[in-house]
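Understanding the architecture of this molecule
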Amino acid sequence: DQQVKQNSPSLSVQEGRISILNCDYTNSMFDYFLWYKKYPAEGPTFLISISSIKDKNEDGRFTVFLNKSAKHLSLHIVPSQPGDSAVYFCAASDSGNTPLVFGKGTRLSVIA
Amino acid sequence: GAGVSQSPSNKVTEKGKDVELRCDPISGHTALYWYRQSLGQGLEFLIYFQGNSAPDKSGLPSDRFSAERTGGSVSTLTIQRTQQEDSAVYLCASSLAAKYEQYFGPGTRLTVT
């Protein structure tokens, strides 16, 4: 039973365009959502997060949108750069210091 | 400052042997987590330590898996009688108490032949 779903295993975008990565969740108790980025042979690195009291959080080229009624969040990267090519994991939590629940990841390829 | 470190970075072992994987969390982080990522899969939670509380072992796949955390710092994940399906990247993460962001180590790639 996957509580966090990333239905697109891969995404290819041209450099300079917008990348949109999607994530759906089923557990209505989740109140904090995170995106992690993972390069090959490295551990995931924290990218951006959003609390359920907000519907948008922006950090430079990265913006996360949360639609609680649809139990959906998305990560927008604009403009996309070749260095953004990585696997992106969506994660969710229902309280602090509890194990994050991760999606299976989406592999983003930004083509120059 | 130093991040989360894990050793070894790679481990190849024969089926049936025991292995130990080590994690050094970020200094001052009271919460420590173990995950694994099998090929083509997401991150699977294994076990979680928070301060002096009893660990949350709900993610351990079998009784061949165990972990301990000594002195509230370094943690060791032990897999006994390894099986081929144990082959995966084992990731350790740590976080400050009451902080959501977890910081991951580079992982240990375990291959069971």
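Shown above is the structure to which this text applies.
Quick caveat: nothing in here was measured; it's all calculated off a predicted structure.

Attention now goes to a nonpolar patch on the surface. A surface patch of nonpolar side chains, about 230 Å² in accessible area, is lined by A:Ile18, A:Ile20 and A:Val78. For A:Val78, the position within the fold is in the loop between strand 8 (72–77) and strand 9 (86–93).

A few words on the side chain of B:Asp86. Residues and elements named next belong to chain B. Summarising the element assignment, Asp86 is placed in the loop between strand 7 (75–79) and strand 8 (88–95). Owing to a relative accessible area of 2%, Asp86 belongs among the buried residues under this scheme. Within polar-contact distance, the side chain of Asp86 engages the side chain of Arg64 at 2.8 Å.

Bringing unusual backbone geometry into the picture now. The omega angle of the peptide bond from A:Val78 to A:Pro79 is -10°, so this bond is cis rather than trans. Of note, the amide linkage connecting B:Ser7 to B:Pro8 takes the cis form, showing an omega dihedral of -10°. Structurally, the position occupied by B:Pro8 is in the loop between strand 1 (5–7) and strand 2 (10–13). In this structure, A:Ala41 is a non-glycine residue whose phi angle is positive, near 65°. Note that A:Ala41 resides in the loop between strand 4 (32–38) and strand 5 (45–51).

Time to look at the state of the cysteines. In the structure shown here, the tally under the stated rule is 2 disulfides over all chains. Covalent S-S linkage joins A:Cys23 and A:Cys90, the inter-sulfur distance amounting to 2.0 Å. Taking the torsion about the S-S bond as the criterion, the A:Cys23 to A:Cys90 disulfide, at about -75°, is left-handed. Pair noted here: A:Cys23 is in strand 3 (residues 19–25) and A:Cys90 is in strand 9, with a separation of 67 residues, a long-range link. The same class applies to A:Cys23 and to A:Cys90, which are both buried. Residue B:Cys23 pairs covalently with B:Cys92 via a disulfide, S to S 1.8 Å. The chirality of the disulfide connecting B:Cys23 with B:Cys92 is left-handed, given an S-S dihedral of about -65°. On the criterion of sequence distance, the pair formed by B:Cys23 in strand 3 (residues 19–24) and B:Cys92 in strand 8 is long-range, its members being 69 residues apart.

Before going further, it helps to examine the layout of surface pockets. The computed volume of the largest pocket comes to approximately 460 Å³. Residue lining of the largest pocket: 20 residues in total, with A:Arg107, B:Gln37, B:Ser38, B:Leu39 and B:Gly40 positioned closest to the centre. Of the residues contributing to the lining of the largest pocket, the split by class is 9 nonpolar, 7 polar and 4 charged. Its boundaries defined by the atoms lining it, the second largest pocket holds a volume of some 400 Å³. Forming the walls of the second largest pocket are 19 residues, and the residues nearest its centre are A:Val101, A:Phe102, B:Leu43, B:Glu44 and B:Phe45. Elements with a minimum of two residues in the lining of the second largest pocket: strand 10 (101–102) of chain A together with strand 4 (31–37) and strand 5 (43–50) of chain B.

To continue, consider the interface of chain A and chain B. Contacts between the two partners involve 22 residues from chain A and, on the opposite side, 24 residues from chain B. When the two sides are added together, the surface that chain A and chain B hide from each other amounts to roughly 1,700 Å², 59% of it contributed by carbon and sulfur. Here chain A and chain B share 4 residue pairs in polar contact (both at pLDDT 80 or more) between them. Of all the elements in the fold, those that place two or more residues in the side of chain A that touches chain B are strand 4, strand 5 and strand 9 of chain A. Here the side of chain A that touches chain B takes 4 residues from strand 4 of chain A, the largest share from any one element.

Parameters at a glance
- Residues numbered from 1 in each chain as written.
- Chains lettered and ligands numbered in written order.
- Predicted model: local features only at pLDDT ≥ 70, side-chain atom pairs only at ≥ 80, totals over all residues.
- Heavy atoms only, no water.
- Patch = residues over 30% accessible without salt bridge, like charges linked within 9 Å, V, L, I, M, F, W, Y side chains within 5 Å.
- Areas by Shrake-Rupley, 256 points an atom, 1.4 Å probe, with all protein chains shown as cover.
- Salt bridge = Lys/Arg side-chain N within 4 Å of Asp/Glu carboxyl O.
- Helix = DSSP H or I, 4+ residues; strand = E, 2+ residues; numbered from the N terminus.
- Buried < 20%, exposed > 50% of the residue type's maximum accessible area, 1.4 Å probe, protein only.
- Polar contact = N/O pair within 3.5 Å; in protein donor to acceptor, adjacent residues only side chain to side chain.
- Disulfide = S-S within 2.5 Å.
- 1 Å grid on protein atoms, 1.4 Å probe; cavity = no way out; pocket = protein on both sides within 12 Å on 5 of 7 lines; lining within 4 Å.
- Points joined across faces, edges and corners; volume = space filled by probe spheres on them.
- Nonpolar A, V, L, I, M, F, W, Y, C, P; charged D, E, K, R; others polar.
- Contact = heavy atoms within 4.5 Å.
- Buried area = accessible area lost by both parts, 1.4 Å probe.

The analysis is restricted to geometry; functional conclusions fall outside its scope.
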